[in-house]
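# Summary of structural features
The chain contents come next:
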Amino acid sequence: MPRAHTIAVLVPAVFCAWAAASAQLPVSSRSSTSITAATAQGEALPDDYLTRIAPSVRLLVDSVASDSSWVRHVYFTAKRDGTLRFDRSAAPEDSIGRRVEEKVAKAGAARVFTPLPLGWDDSLSVDMLIVHPPAGLPLPDTSGAYFEFQVDRRVSAVSVPTPEYPPSLRAAAVAGRVLARFIVGTDGRVEPGSFKVLQSAAPEFSEAVRVALERATYRPAELKGRKVRQVMMQPYDFSVR
C-alpha cells in the first residue's frame with residue numbers, strides 16, 4: 001500500500017531529470033498499441049501519471065513483433081530514482097515477452113516512470129497491460145469478449161484455487177511457468193472451452209491450471225453499467241521449495 005508522505009519537494013528536480021532523459025526517446029508517432037496499468041494490488045493509477053508514461057512506453061514497444069498481434073502483462077516495481085525491478089520475468093521461451101521487458105527496462109533507464117505519483121514516496125508496484133494490434137491485423141480471436149483496456153471495471157478474483165503441483169514433477173524437482181488465456185463470463189466463471197495455453201513448461205502444469213480455473217470464481221467486468229465478458233491473461237508459476 002502507498003505511504004502517504006509528501007514528495008512535493010522532490011518533484012521539480014526529478015521531473016527535470018526525467019524530461020532530459022526522455023528527450024532521447026523516439027519521436028512520437030501514430031500507434032495502435034494500448035498501454036494500461038494499475039498497482040499490483042489492483043488499485044487505479046492516477047490518470048495524469050498514465051498519460052505521462054504511456055506514450056514513451058508505447059514508442060519503445062511498437063517495434064516488438066510489429067507484424068503480429070500480441071498481449072502481454074509486465075509486472076515491475078518502479079523505484080523513486082527511476083530504476084525498475086521486474087517482479088515476474090517472462091519465460092525464456094517467450095521471446096516477445098522478453099523483448100517487451102527489455103523495452104520497458106529501457107523506459108526505466110530513461111526515467112520515464114519518475115516522478116512517482118503523489119503518495120508513493122519510495123516505490124510503486126505496477127501491473128502493466130500492453131496490447132499490440134498492428135495496423136490491418138486483428139487482435140487475437142476472443143469471440144467478442146473485451147480486453148482489460150476496453151472495460152470500465154476489470155475482472156477481479158473472488159476465489160481462485162492454487163493449481164495443484166503435479167506430484168511427478170515435484171518429485172523430479174521440475175519447475176516452470178504456464179501463461180494462460182481464458183475468458184471470464186458475466187457469471188464470474190471461466191467459460192468452458194475458452195482456456196488456451198500460450199506458453200507452458202510441461203503439459204502437466206497446463207492441466208493443473210485448467211483444472212484450478214474450472215473451480216475459480218471472479219467478479220465480472222463491467223462496461224457502461226453492465227456485466228461483460230473479459231479476456232484474461234495470467235501467468236502461473238510452479239517452483240520447488
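Shown above is the structure to which this text applies.
No experiment lies behind these values; they were computed from the predicted model shown. (Residues numbered from 1 in each chain as written. Predicted model: local features only at pLDDT ≥ 70, side-chain atom pairs only at ≥ 80, totals over all residues. Heavy atoms only, no water.)

Let's shift gears to the overall build of the protein chain. Along the backbone of the protein chain there are five helices and 11 strands. Counting every position in the protein chain, which comprises 241 residues, the buried fraction comes to 46%. The long-range fraction of contacts in the protein chain, counting pairs at least 24 apart against all pairs at least 6 apart in sequence, stands at 79%. For the protein chain, the accessible area works out to roughly 12400 Å², and carbon and sulfur atoms hold 53% of it. (Helix = DSSP H or I, 4+ residues; strand = E, 2+ residues; numbered from the N terminus. Buried < 20%, exposed > 50% of the residue type's maximum accessible area, 1.4 Å probe, protein only. Contact = heavy atoms within 4.5 Å. Areas by Shrake-Rupley, 256 points an atom, 1.4 Å probe, with all protein chains shown as cover.)

The next subject is the sheet that holds strand 2 (residues 70-79). With respect to topology, four strands assemble into an open sheet ordered 1-4-2-3, the strand pairing being antiparallel. Of all the strands in the sheet, the pair left with one neighbour each is strand 1 (34-39) and strand 3 (84-88). Here the average twist between neighbouring strands, direction ignored, is 30 degrees. As paired elements, strand 1 and strand 4 (residues 123-132) share six bridges and run antiparallel to each other. Across the sheet, Ser34 pairs through a bridge with Val131, a residue of strand 4. (Pairing = 2+ DSSP bridges. Axes fitted to C-alpha atoms, helices over the stretch in contact; angles between N-to-C directions.)

This part takes up the packing of helix 2 (residues 47-61) against helix 3 (residues 95-109). Packing of helix 2 against helix 3 leaves a shortest axis separation of 9 Å and a crossing angle of 140 degrees. Judged on the interaxial angle alone, helix 3 and helix 2 are oblique. Crossing handedness for the pair helix 2 and helix 3: right-handed. Of the residues in helix 3, those in contact with Val57, Leu60 and Val61 of helix 2 are Val100, Lys103, Val104, Lys106 and Ala107. Here the residues of the contact of helix 2 with helix 3 are counted per class, giving six nonpolar, no polar and two charged. (Parallel < 35°, antiparallel > 145°, perpendicular 65-115°, else oblique. Left-handed = near helix turned anticlockwise from the far one by under 90°. Nonpolar A, V, L, I, M, F, W, Y, C, P; charged D, E, K, R; others polar.)

Before going further, it helps to spend a moment on the nonpolar core. Most often, soluble globular proteins have nonpolar side chains that are buried together. Among the nonpolar cores identified, the biggest contains 28 residues, and Val57, Val100, Phe113, Met128 and Ile130 are the most heavily contacted of them. Elements supplying a minimum of two residues to this core: strand 1, helix 2, strand 2, helix 3 and strand 4. The element that contributes the greatest number of residues to this core is helix 2, accounting for six residues. Counting residues in hydrophobic clusters, the runner-up holds 22 residues, among them Tyr165, Val178, Ala180 and Ala221. (Core = buried A, V, L, I, M, F, W, Y, C linked by side-chain atoms within 4.5 Å.)

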